[in-house]
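# Summary of structural features
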Amino acid sequence: MSNGHIVIGELFGTAVLILLGGGVCAAVTLKRSKAKDAGWVAISFGWGLAVLGGAYIANGYSGGQLNPAVTLGIAIKTGDWSTMPYYLIGEFGGAIIGAVLVWAAYLGQFHAHLTDPAVVGAPAAPAEGGTGDASGDAAGTAHATAADTASAPKADPAGPTTGNQAQPGGPVLGIFSTGPEIRNPVQNLLTEIIATAVLVLFILTQGMTKGLALNGTGILLTALLVVGIGLSLGGPTGYAINPARDLGPRIVHALLPLPNKGGSDWGYAWIPVVGPLVGAAIAGGLYRLAFM
């Protein structure tokens with residue numbers, strides 16, 4: 001395959017991956033969506049099927065890697081780094097395109113969601129009962145606290161929440177990128193490393209079964225594994241396991257003209273990039289040590 005084929009295959013395949021994967025997050029999250037509140041099982045299966053569609057589209061042109069972590073693991077396995085830049089161009093470019101398409105497909109739902117006071121928070125009611133005596137001031141403080149709680153933004157089932165500074169992502173950031181349920185950088189990084197190492201080692205060892213990776217069955221098995229990783233290991237961080245899948249859409253979230261979208265949580269953004277790359281390097285090293 002030529003370098004041009006690699007870029008085109010990865011561009012189209014990764015765009016479909018993010019369109020379908022981000023699409024299921026949008027469907028579950030946004031108001032006026034028929035799939036709202038469908039839950040984590042729907043998200044896990046949606047991402048698995050997104051891998052299936054994207055990888056089959058790209059397979060004939062580029063092999064359907066769709067993931068810089070997978071590309072890194074394959075380069076470590078084979079020792080061939082010459083095509084890696086072309087894979088990365090296609091993967092990150094496709095991730096950005098796919099995220100824009102998710103926004104376009106759900107344009108009305110984004111507007112309805114981000115202009116709903118129940119989501120973005122209504123102005124707090126003024127405190128009542130501030131009479132100067134202790135009991136009146138306590139009543140006023142309690143009323144204000146209740147109003148603040150009622151107007152706090154609701155959790156995004158697909159990613160970070162906006163209710164406090166410990167979870168600084170905007171109310172729709174989880175449609176575009178991942179975020180932890182418990183913000184602990186060491187644990188979050190370790191979760192991404194473990195989950196990605198499982199994925200990449202699985203992909204690398206497919207080559208040990210003759211013809212499996214070439215006849216398309218390997219793509220189906222990988223898609224099912226992505227579902228399994230989501231159900232088993234996705235709970236702590238939302239399982240990025242793919243730097244392009246997280247960073248490209250996060251950039252799109254930062255640039256899109258979405259009202260009340262909140263922050264893009266750049267303080268966390270390094271974890272779903274570094275974690276998968278470290279996990280892929282470990283998987284590649286293990287493959288060379290144990291299987292070659």
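Up top you'll find the structure we're talking about.
Computed from a prediction, not measured in an experiment: that's the story for all the values here. (Residues numbered from 1 in each chain as written. Predicted model: local features only at pLDDT ≥ 70, side-chain atom pairs only at ≥ 80, totals over all residues. Heavy atoms only, no water.)

### With respect to the overall build of the protein
Heads up, the condition is: The helix and strand labels rest on DSSP assignments: H or I over at least four residues marks a helix, E over at least two residues marks a strand, and numbering proceeds from the N terminus. Working definition: with a 1.4 Å probe on protein chains only, accessible area under 20% of the residue-type maximum means buried, over 50% means exposed, and in between means partly exposed. Whether two residues touch is decided by their heavy atoms; if any such pair falls within 4.5 Å, the residues are in contact. The method behind every accessible area is Shrake-Rupley, applied with a 1.4 Å probe, and residues are considered shielded solely by the protein chains displayed.
Across its full length, the protein carries 12 helices and zero strands. Mapped in sequence order, the helices and strands of the protein form the string α-α-α-α-α-α-α-α-α-α-α-α. For the protein, the proportion of its 292 residues judged to be buried stands at 47%. Long-range pairs, those at least 24 residues apart, make up 73% of the contacts in the protein with a sequence separation of at least 6. About 12,800 Å² of surface is accessible on the protein, with carbon and sulfur atoms providing 69% of the total.

### A word on the environment of Gly-179
Tracing the backbone shows Gly-179 in the loop between α8 (173-176) and α9 (185-205). Classification of Gly-179 as buried rests on a relative accessible area of 6%. Note: C-alpha distance between Gly-179 and Ala-240 (61 residues apart in sequence) is 8.8 Å.

### Quick notes on helix α3 (residues 68-78)
Filter applied, for reference: Two N or O atoms count as a polar contact when they lie within 3.5 Å, although within protein this holds only if one can serve as hydrogen donor and the other as acceptor, and sequence-adjacent residues are included solely when both atoms are side-chain atoms.
By the criterion of burial, α3 is predominantly enclosed, with eight of the 11 residues buried. The complete set of buried residues in α3 reads Pro-68, Ala-69, Val-70, Thr-71, Leu-72, Gly-73, Ala-75 and Ile-76. Looking at the buried side of α3, the elements it contacts are α4 (84-105), α9, α11 (243-255) and α12 (271-291). Where α3 begins, the side chain of Asn-67 points an oxygen toward the backbone nitrogen of Ala-69, at a separation of 2.8 Å.

### Things to note about unusual backbone geometry
If you check the backbone angles, Leu-66 has positive phi at about 60 degrees while not being a glycine. Tracing the chain through its elements places Leu-66 in the loop between α2 (40-62) and α3. According to the relative accessible area criterion, Leu-66 is buried, its value standing at 3%. A positive phi angle is found at Asp-265, which is not glycine, with a value near 55 degrees. Tracing the sequence through the fold places Asp-265 in the loop between α11 and α12. Judged by relative accessible area, Asp-265 falls into the buried class, the value being 6%.

### A word on the packing of aromatic side chains
Stated formally: To pair, rings of Phe, Tyr and Trp, with the six-membered ring standing in for Trp, must have centres within 6.5 Å; the planes then decide the type, stacked if under 30 degrees apart, edge-to-face if over 60, and tilted in the middle.
Applying the stated criterion across every chain, the model contains three aromatic pairs. Ring geometry for Tyr-287 and Phe-291: centres 5.6 Å apart, planes at 35 degrees, overall tilted. In this pair, Tyr-287 and Phe-291 are both assigned in helix α12, four residues apart and thus about one turn of the helix distant. Classification of Phe-291 as partly exposed rests on a relative accessible area of 39%.

### Regarding the nonpolar core
Short version of the rule: Put simply, a nonpolar core is a bunch of buried Ala, Val, Leu, Ile, Met, Phe, Trp, Tyr and Cys residues held in one set by side-chain atoms that sit within 4.5 Å of each other.
In terms of nonpolar packing, the biggest core is built from 37 residues, with Trp-47, Phe-110, Val-172, Ile-175 and Phe-176 touching the most fellow members. The set of elements that each furnish at least two residues to this core consists of α1 (3-29), α2, α4, α5 (107-114), α8, α9, α10 (217-233) and α11. Counting residues per element, this core draws most heavily on α1, which supplies seven residues. In this structure, Ala-69, Ile-76, Ala-283 and Tyr-287 belong to the second largest nonpolar core, which totals 10 residues.

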